[in-house]
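Each chain, letter by letter, is given below.
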Amino acid sequence: MKTFMTFAILTLLVYETTSDQASSYIIDNSVGYGRTFNGIGAISGGGATSKLLVNYPEQQRSEILDYLFKPNFGASLHIFKVEIGGDIQSTDGTEASHMHYGWDEDYTRGYEWWMLQEAKKRNPNIKLYGLPWGFPGWLRDAEDTPWKNIPTTADYIVKWINGAKVHYNLTIDYIGIWNESPYNVTYIKTLRKALDMGGFSNTLIIAPDQNGWPIVEDITKDKELFDAVYAIGSHYPRSSSPELAQKTGKPLWASEDSTGNLAKTLNQNYVTGLMTSTILWTAVASYYYGLPWINAGLMRAAEPWSGYYEVSPPIWMTAHTTQFTEIGWKYFKHGYGVGNFTNGGSYVVLTSPDEQQLTIIIETLSQDPSECTRPARFQYLKNLKEQIVNFQLKGKFAGSIESLNAWYSRPGYSKVPPVYFKKMDPVMVQNGSISLTIKQNEVWTLTTVTTGNKGSYPNIPDSGPFPIPYAEDFEGYSVGEEPYYFAQQIGSFEVGESDGNKFMKQMVIDEPVHWYWCHVDNGNTSLNVFGDYQWQDVSAAVAVQLQGQNTSDAVFLAVRATSGGCVALNETGLFMFFYPKEQRFVLTVDLLQHNVLMSGKVNKVTNNWDVLTLQVKGSRLTGAVNTEELFDIKTPVEISNGWVAVGTYPYGIAWFDDFQVSQL
């Protein structure tokens, strides 16, 4: 069993069976319990995954949040984890730091504060969890880590936790270290001390929030580190944990995992990995089509202009566990309520702390019908057929239960239609025995809990294209707010104000501490995309100004921009860079200005608000600054569609206003 638990890829041994072959399994608490259940959660961030949600019409926005957080309605999440913005690209965009600079502090930036409030409003018992993917540049050392001054970095995180409490009355229950990046033992200890000194002794550290289990050996050798860490968090652990991790006695968490293979993942993370919490990336895929990992998420909501959203199967696969358990419930012991079926599939049994409620979760997924966003974690065998399973209740539950409420799902595949979270007739308990015939690719929940519910809202609006023409003068925003439809990919953009006029302002002036697996922030250029990835023939214009200290050298306007996320530096498109101090322009087909189509002088420079214009139709591209036409050329044929984009080179302050896009 111990060797089986350490397999990197889990293989379920499945044999052909027919319904006249029955296998029996004991459910018995008289031998004691297994580990304590710590809950199922999901993530907003890593990065900018909820970007478009905030601008949804109020009705649809509330419905989406209900599907995620409302108890006994949809996913009914127990834990909500958010990115602590660090001004860095962390998968699908950047999220703003509460401290762009050491002298700066602002707890209104971004949308995670709002998301945390909405989650707590729907479920006051939900646990809240913060994790940085990266850090602003003022915390960066020569090795591109945030350990230049460890007490300062710890204070930066404590300030975020305090900001949640002071400004939003939110208690952060869990805090992580540095997403999927090398941890620092001294920092973890320092953070624990800083939390205690700041009055946050109840905020527990999950470490290291990294792939694999590298911290385990350090924890076993260092008592101070052992005491500082509440739970060991691993990302995409493939339902496996090492024996040494299990022997620590610490809670083991899949502190980030995939929504693919979900029912199997939630069971097997405990059956074979003894992980008592699973947190899914991502809660909602609310970012532009064309950005990476668009199939991730418990659900999709990427069209605030139309109000359209999709309630995806992972919502209901999650509900099979979350609606019938709570944090603090107890798993039964392996062999006495937890295990794999002899003929394929798995089961877990949990009970409430007062032993009044019982829930059995069963899955027999023999293949993965989902659009998985991560590599396959299970080797699915195809010969699983129906089987009869008999559960025999012993211990406290023997003779005390007459029937169990039943909920059923069958993921669709091939020509088999899907069924998701359907309430079935109760399953009778006769002489302490439960008998159930299970077919392949099924999920069952049998439970004494009576509050299960498949929530729904009628009349989801139809999908529709991005509205064009579009104009934005930023006057409707508060200072510090992030403009809705601008999906920042590198750098950080927010609304600023000067002399009563509002505009969008690029804020990053130093290279930030990037996420370990994403290096686009090292390119010393900012990028903000807008609109529809399928746009082809458009006219775009924006007024720009470089004003004050720490300004950039150049600003750009682009059409048919093609890339975002961690490959944003590979961006192709049609980019017009404007260097106002040098009174020149550069026209390129890439973000890094390596492939220059032409360059030249700009005669009409105002040193105030200069207006950049680009028009592309078919193979013709024209560009102007302040109505002075600079070029009228034929475009490279391979650059056929993409977003409109703005940005700076290098990092530095720049202002953008009176943005306009129309179709040609």
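Bear in mind the structure is a predicted one, so any value in this text is a computation, not a measurement.

Attention now goes to helix 4 (residues 150-168). The end-to-end C-alpha distance of helix 4, which contains 19 residues, comes to 27 Å, matching closely the 27 Å that a straight helix rising 1.5 Å per residue would cover. Looking at the packing, one finds that the buried side of helix 4 touches strand 5 (79-84), helix 3 (112-122), strand 6 (127-132), strand 7 (174-175) and helix 5 (185-197). After helix 4 finishes, the residue Asn-169 shows a positive phi value of roughly 55 degrees.

Structurally, the position occupied by Gly-199 is in the loop between helix 5 and strand 8 (204-211). For Gly-199, a relative accessible area of 60% gives the class exposed. For Gly-199 and Thr-259, which are 60 residues apart along the polypeptide, the C-alpha to C-alpha distance reads 35 Å.

Moving on, we come to the side chain of Asp-173. For Asp-173, the position within the fold is in the loop between helix 4 and strand 7. Here Asp-173 is buried and forms no salt bridge, its nearest opposite-charge partner Lys-127 lying at an N-O distance of 4.1 Å. With residues up to four places along the chain from it excluded, the contact list for Asp-173 reads Ile-126, Lys-127, Leu-128, Asn-202, Thr-203 and Leu-204.

A few words on the environment of Met-576. Tracing the backbone shows Met-576 in strand 32 (residues 572-579). A sequence separation of 184 residues divides Met-576 from Gln-392, and the C-alpha atoms of the two residues are 72 Å apart.

Overall, the coordinates contain 62 aromatic pairs when judged by the stated rule. Centre to centre, the rings of Phe-324 and Phe-421 are 6.0 Å apart; their planes meet at 40 degrees, and the pair counts as tilted. One end of the pair, Phe-324, is in the loop between helix 10 (313-322) and strand 15 (330-332); the other, Phe-421, is in strand 22 (residues 419-428), with 97 residues separating them in the sequence. What makes Phe-324 buried here is its relative accessible area of 1%. Accessibility expressed as a relative area gives 1% for Phe-421, which makes it buried. In this structure, Lys-250 packs its charged tip against the face of Phe-226, placed 4.1 Å from the ring centre. Arg-584 extends its terminal NZ or CZ atom over the ring of Tyr-579, reaching a point 4.0 Å from the ring centre.

Another point: the sheet that holds strand 8. On the basis of which strands lie adjacent, the closed barrel formed by eight strands has the order 4-5-6-7-8-9-10-11 and parallel pairing. Pairing geometry for strand 9 (residues 229-235) and strand 10 (residues 252-258), over four bridges, is parallel. In the strand pairing of strand 10, Ile-232 is matched with Leu-252. Against the sheet, helix 9 (residues 262-271) makes contact with strand 4 (39-44), strand 10 and strand 11 (275-281), and its axis sits at roughly 150 degrees relative to strand 11, the strand it touches most.

What follows is about the UniProt feature "domain: Glycosyl hydrolase family 59 catalytic" (unreviewed entry) in the protein chain. Per the UniProt annotation, the sites labelled "domain: Glycosyl hydrolase family 59 catalytic" (unreviewed entry) are residues 37-323. For residues 37-323, the end-to-end C-alpha separation is 14 Å, with 32% helix and 21% strand making up the annotated structure.

On to a nonpolar patch on the surface. On the surface, a cluster of nonpolar side chains totalling about 210 Å² of accessible area is made up of Ile-26, Val-31 and Tyr-336. By the element assignment, Tyr-336 lies in the loop between strand 15 and strand 16 (338-340). Under the relative-accessibility criterion, Tyr-336 is labelled partly exposed at 32%.

Following both chains from N to C, one finds helix 4 and helix 5 inclined at 45 degrees, their axes separated by 9 Å at the closest point. Comparing the axis directions of helix 4 and helix 5 gives the class oblique. Where helix 4 crosses over helix 5, the two elements pack in a sense that is right-handed. Residues Ile-150, Pro-151, Thr-153, Ala-154, Ile-157, Val-158 and Ile-161 of helix 4 touch helix 5, and the partners they reach there are Thr-186, Tyr-187, Thr-190, Leu-191, Ala-194 and Leu-195. Partitioned by chemical class, the residues of the contact of helix 4 with helix 5 number 10 nonpolar, three polar and no charged.

To continue, consider the confidence of the model for the protein chain. Per-residue confidence for the protein chain averages 94 on the pLDDT scale, and 94% of its residues sit at or above 70. Strand 1 (residues 10-11) is the least confidently modelled element of the protein chain, averaging 30 in pLDDT, while strand 7 averages 99, the highest of any element. Note that residues 1-19 has pLDDT below 50 and, in this model, 56 contacts with residues that lie over four places away or in other chains.

On to a negative patch on the surface. Taken together, the side chains of Asp-473, Glu-475, Glu-497 and Asp-658 make up a negatively charged region of the molecular surface. For Glu-497, the position within the fold is in strand 27 (residues 493-498).

Looking now at the sheet that holds strand 20 (residues 387-394). Spatially, 2-20-23 is the arrangement adopted by the three strands of the open sheet, whose pairing is mixed. Edge positions in the sheet fall to strand 2 (22-28) and strand 23 (433-438), since each has one partner strand and no second. Pairwise comparison of adjacent strand axes, ignoring direction, gives a mean angle of 25 degrees for this sheet. Two strands pair when backbone bridges link them, and strand 20 and strand 23 are joined in this way by six bridges, in the antiparallel orientation. Pairing of Asn-390 across the sheet is with Ser-435, part of strand 23.

Under the counting rule described, the total for this entry stands at one disulfide. Across the disulfide from Cys-518 sits Cys-566; the S-S distance is 2.2 Å. Handedness of the Cys-518-Cys-566 disulfide follows from its S-S torsion of about -115 degrees: it is left-handed. Placement of the pair is Cys-518 in the loop between strand 28 (501-506) and strand 29 (527-530) and Cys-566 in the loop between strand 31 (554-561) and strand 32, with a sequence separation of 48 residues.

Reading the values: rules and limits
Residues numbered from 1 in each chain as written. Predicted model: local features only at pLDDT ≥ 70, side-chain atom pairs only at ≥ 80, totals over all residues. Heavy atoms only, no water. Helix = DSSP H or I, 4+ residues; strand = E, 2+ residues; numbered from the N terminus. Expected span 1.5 Å × (residues − 1). Contact = heavy atoms within 4.5 Å. Buried < 20%, exposed > 50% of the residue type's maximum accessible area, 1.4 Å probe, protein only. Lys, Arg positive; Asp, Glu negative; His and termini not counted. Salt bridge = Lys/Arg side-chain N within 4 Å of Asp/Glu carboxyl O. Phe/Tyr/Trp six-rings, centres within 6.5 Å; stacked < 30°, edge-to-face > 60°. Lys NZ or Arg CZ within 6 Å of the ring centre and 35° of its normal. Pairing = 2+ DSSP bridges. Axes fitted to C-alpha atoms, helices over the stretch in contact; angles between N-to-C directions. UniProt positions renumbered as here; feature names shortened; annotations may be inferred. Patch = residues over 30% accessible without salt bridge, like charges linked within 9 Å, V, L, I, M, F, W, Y side chains within 5 Å. Areas by Shrake-Rupley, 256 points an atom, 1.4 Å probe, with all protein chains shown as cover. Parallel < 35°, antiparallel > 145°, perpendicular 65-115°, else oblique. Left-handed = near helix turned anticlockwise from the far one by under 90°. Nonpolar A, V, L, I, M, F, W, Y, C, P; charged D, E, K, R; others polar. pLDDT = per-residue confidence, 0-100. Charge placed at Lys NZ, Arg CZ, Asp CG, Glu CD. Disulfide = S-S within 2.5 Å.

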